[in-house]
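# Structure at a glance
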Amino acid sequence: MAVPRILDSLRRAATEAGGALLGRLQHVRLPGVGQSSSADDPETAARRWRAVTVLRSPEQIGTGADLPAPLAALGDRVEVRVTPAPGDRGAELAARYRDLPSDDDLRALRSALREAKQLIEVGEVLRVDPAPHGTRKATPQGAVLEGATARAGGEGVL
Amino acid sequence: MRAATWTGVNEVSVETVPDPTILNDHDVILKVSRTTTCGSDLHLLGGYIPFMRAGDVLGHEFMGEVVEVGRGVRDRRIGDRVVVNSFIACGKCWYCTQELYSLCDNGNPNPGITEALWGQSPGGCFGYSHAMGGWAGSHAEYIRVPYADVGAFVVPEGVSDERALFASDAVSTGWMGADLAGTKPGDVVAVWGAGGVGQMAARAAMLLGAERVYVIDRLPERLAQVREHVGAEAIDYSRTDVLAELREVTGGRGPDVCIEAVGMEAHSLGVQGAYDQVKQQLRLQTDRPSAVREAILACRKGGSVFVLGVYAQMVDKFPLGALMNKGLTVRGAQVHGQRYMPRILDHMARGELTTEHLATHVMPLEDAARGYRVFKDKADGCVRSVFLPNG
């Protein structure tokens, strides 16, 4: 195998590792890091309702096929719950899978909820790419961060 | 276009990068006239916030001329001379309606990183790493400004570019600290750090009615600016016991409001300085909090401490006992600038807020590496380096 191909493989591995690392970060149980108090087993965690609060009345959120497109696209695999949020904060839009989801499924659901909220509140999904940038040196750290960033819209504690 | 980019720890280059384009309906493209270094950039430069990629465009404090508008933009027009807040906020979510703009739910496209670190994600910031959204920064000939109707403010005719630039972040951050710390007429206010933000926090406190304002630093040229341009008292912590001095000038009470405008790379003297440096370099703490510690210890009972300096994660030897037993209110935030910029521009137009003195080093964008070097080293009396991307 030529050296460039080896380097390319290593870079892809580092990028993949970055994405995986971000996915695992939310399960870290160190004091002072985001989720240190969580005691859920992985299956319970995967089955939880995931929710965003949207500054609209529940009636303005929609149901079924009228839900914002990213959420409606998940179809019958997810159940959706819309309830009023306390204190004039709008509506709590929650969803969870009917079956046991994979990590990829959960990323898709997080992204869909965030995009649905943006579509309802702002009318469009904010895009950052392509952002102007200079030369990206091919470093392991850069590849790890690229992987983490690529998944960041679908990761997090949601 | 030409842009100043982060290329590695303490390395800045100026290179040719693609022009920005409108990607969302609420965007404008700005031709950048002035853009400045900020102390918080140094945390990125030094690798203390490890979410920068080589090639990222730096800069978050800027102004310029609108040259292109998205079809959803209602209030901004081509040709408008605007100053833009450093944080990107939608104006529509609950946080924005509460005027907590830096907490916008819809400004950071990479929430997975900051949620994992902090439990929730704040909004996005121009040129401030992929953790804060991966937005290209302002040290460039052009910049894309999302949600432009919310974050870009037309500069009144009587306010010069030299003055208006700092409404973008230094003044709005300082004003927020003084305001949200609850500064009221008659208060004694102490500010840690005499950089751009600290000086403007002090000036804001005076405009909000504080009776006496003290600013703490060690750099003679910055302390001189505090006296000459801000009109506050200056305390040199390298020559004075700050806690004793503040007790003495407040009748033993301590300041009513303490504003920290230093951040995670705080310089301090003696054992504390060495301790924090060693622990940070060994990654046993991410941030050096000496100014916050001192602010908490200095503050009067029942007083208020506001953390304006940027911190990333965890600190050691935090005086929680003093905070609790003295009944302090401690608050912090990235800048909710959209809340304050109209008022700030009015003060600037009336000559009550002057900022020109902060721009000690003005230079072409091509000199950005030198500009950051002199700014980081605090050499040649540098308070801020300002770049002129379009001459």
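About the criteria used
Residues numbered from 1 in each chain as written. Chains lettered and ligands numbered in written order. Predicted model: local features only at pLDDT ≥ 70, side-chain atom pairs only at ≥ 80, totals over all residues. Heavy atoms only, no water. Helix = DSSP H or I, 4+ residues; strand = E, 2+ residues; numbered from the N terminus. Buried < 20%, exposed > 50% of the residue type's maximum accessible area, 1.4 Å probe, protein only. Contact = heavy atoms within 4.5 Å. Areas by Shrake-Rupley, 256 points an atom, 1.4 Å probe, with all protein chains shown as cover. Rg over C-alpha atoms; globule rule 2.2 N^0.38 Å. Lys, Arg positive; Asp, Glu negative; His and termini not counted. Charge placed at Lys NZ, Arg CZ, Asp CG, Glu CD. Core = buried A, V, L, I, M, F, W, Y, C linked by side-chain atoms within 4.5 Å. Domains from an automatic or database assignment. Buried area = accessible area lost by both parts, 1.4 Å probe. Salt bridge = Lys/Arg side-chain N within 4 Å of Asp/Glu carboxyl O. Polar contact = N/O pair within 3.5 Å; in protein donor to acceptor, adjacent residues only side chain to side chain. Nonpolar A, V, L, I, M, F, W, Y, C, P; charged D, E, K, R; others polar. Pairing = 2+ DSSP bridges.

## Here's the deal with the overall build of chain A
Helix and strand counts for chain A come out as 5 helices and 3 strands. The proportion of buried residues among the 158 residues of chain A is 38%. Counting only contacts in chain A whose residues sit at least 6 apart along the sequence, the fraction spanning at least 24 positions is 68%. Of the roughly 8,500 Å² of accessible surface on chain A, 55% is carried by carbon and sulfur atoms.

## What about the overall build of chain B?
Assigned secondary structure in chain B consists of 14 helices and 18 strands. In terms of overall dimensions, chain B is globule-like: its C-alpha atoms have a radius of gyration of 20 Å, near the 21 Å expected for 391 residues. Dimensions of chain B, computed from the C-alpha atoms along their principal axes, are close to 60 × 45 × 45 Å. Residues counted as buried form 64% of the 391 residues belonging to chain B. Long-range pairs, those at least 24 residues apart, make up 72% of the contacts in chain B between residues at least 6 apart in sequence. Counting only carbon and sulfur atoms, one obtains 50% of the accessible surface of chain B, whose full area is about 13,800 Å². Here chain B contributes 38 positively and 46 negatively charged side chains, and the mean placements of these two sets differ by 4 Å.

## Considerations on the nonpolar core
Residue and element names in this part refer to chain B. The biggest cluster of nonpolar side chains holds 50 residues, and the ones touching the most others in it are Val83, Phe166, Val189, Ile259, Ile344 and Met348. When residues of this core are traced back to their parent elements, those giving at least two are helix H6 (170-180), strand E11 (188-192), helix H7 (196-207), strand E12 (212-217), helix H8 (220-230), strand E14 (257-260), helix H13 (341-349) and strand E18 (385-388). Taken together, domain 1 (2-169 + 335-388) and domain 2 (173-332) each give at least three residues to this core, which thus spans both. Those residues in contact with Val83 that sit more than four places away from it in its chain are Phe62, Met63, Gly151, Ala152, Phe153, Val155, Ala164, Leu165, Ala167, Ser168, Met341 and Leu345. Leu45, Ile113, Leu117 and Phe387 belong to the second largest nonpolar core, which has 34 residues in total.

## What to know about the environment of Ala138 of chain A
Residue and element names in this part refer to chain A. Along the polypeptide, Ala138 turns up in the loop between helix H4 (103-121) and helix H5 (140-151). A relative accessible area of 72% means that Ala138 is categorised as exposed. Taking the C-alpha atoms as reference points, Ala138 and Glu155, separated by 17 residues in sequence, lie 24 Å from one another.

## Regarding the interface of chain A and chain B
Contact residues are listed per partner, giving 41 residues for chain A and 48 residues for chain B. Counting each side, the surface lost to burial between chain A and chain B is near 3,600 Å², with a carbon and sulfur contribution of 58%. Salt-bridge contacts for Glu115 of chain B lead to Arg114 of chain A; the nearest nitrogen and oxygen are separated by 3.0 Å. Taken together, the connections running from chain A to chain B amount to 19 residue pairs in polar contact (both at pLDDT 80 or more). Among the elements of the structure, helix H1 (3-25), H4 and H5 of chain A are those that each provide at least two residues to the side of chain A that touches chain B. Looking at the side of chain A that touches chain B residue by residue, the classes come out as 16 nonpolar, 13 polar and 12 charged.

## Looking at the side chain of Asp41 of chain B
Residues and elements named next belong to chain B. You can see Asp41 is positioned in helix H1 (residues 41-45). The buried charged residue Asp41 lacks any salt bridge partner; its closest oppositely charged side chain belongs to Arg384, at an N-O distance of 7.4 Å. Polar side-chain contacts of Asp41 include one of 3.3 Å to the side chain of His60.

## Thoughts on the sheet that holds strand E1 (residues 2-8) of chain B
All names here are of chain B. Ordered in space as E2-E1-E4, the 3 strands form an open sheet in which the pairing is antiparallel. Single-partner strands in this sheet number two, and they are strand E2 (11-16) and strand E4 (56-57). Sheet topology note: the E1/E4 ladder contains 2 bridges and is antiparallel. By the bridge assignment, Trp6 is partnered in E4 with Asp56.

## As for the environment of Ser304 of chain B
All names here are of chain B. By the secondary structure assignment, Ser304 is in strand E15 (residues 304-307). What makes Ser304 buried here is its relative accessible area of 11%. Counting along the chain gives 19 residues from Ser304 to Leu323, while the straight-line C-alpha distance between them is 9.8 Å.

Note that every value here comes from positions in space, so none of it alone points to a role or purpose.
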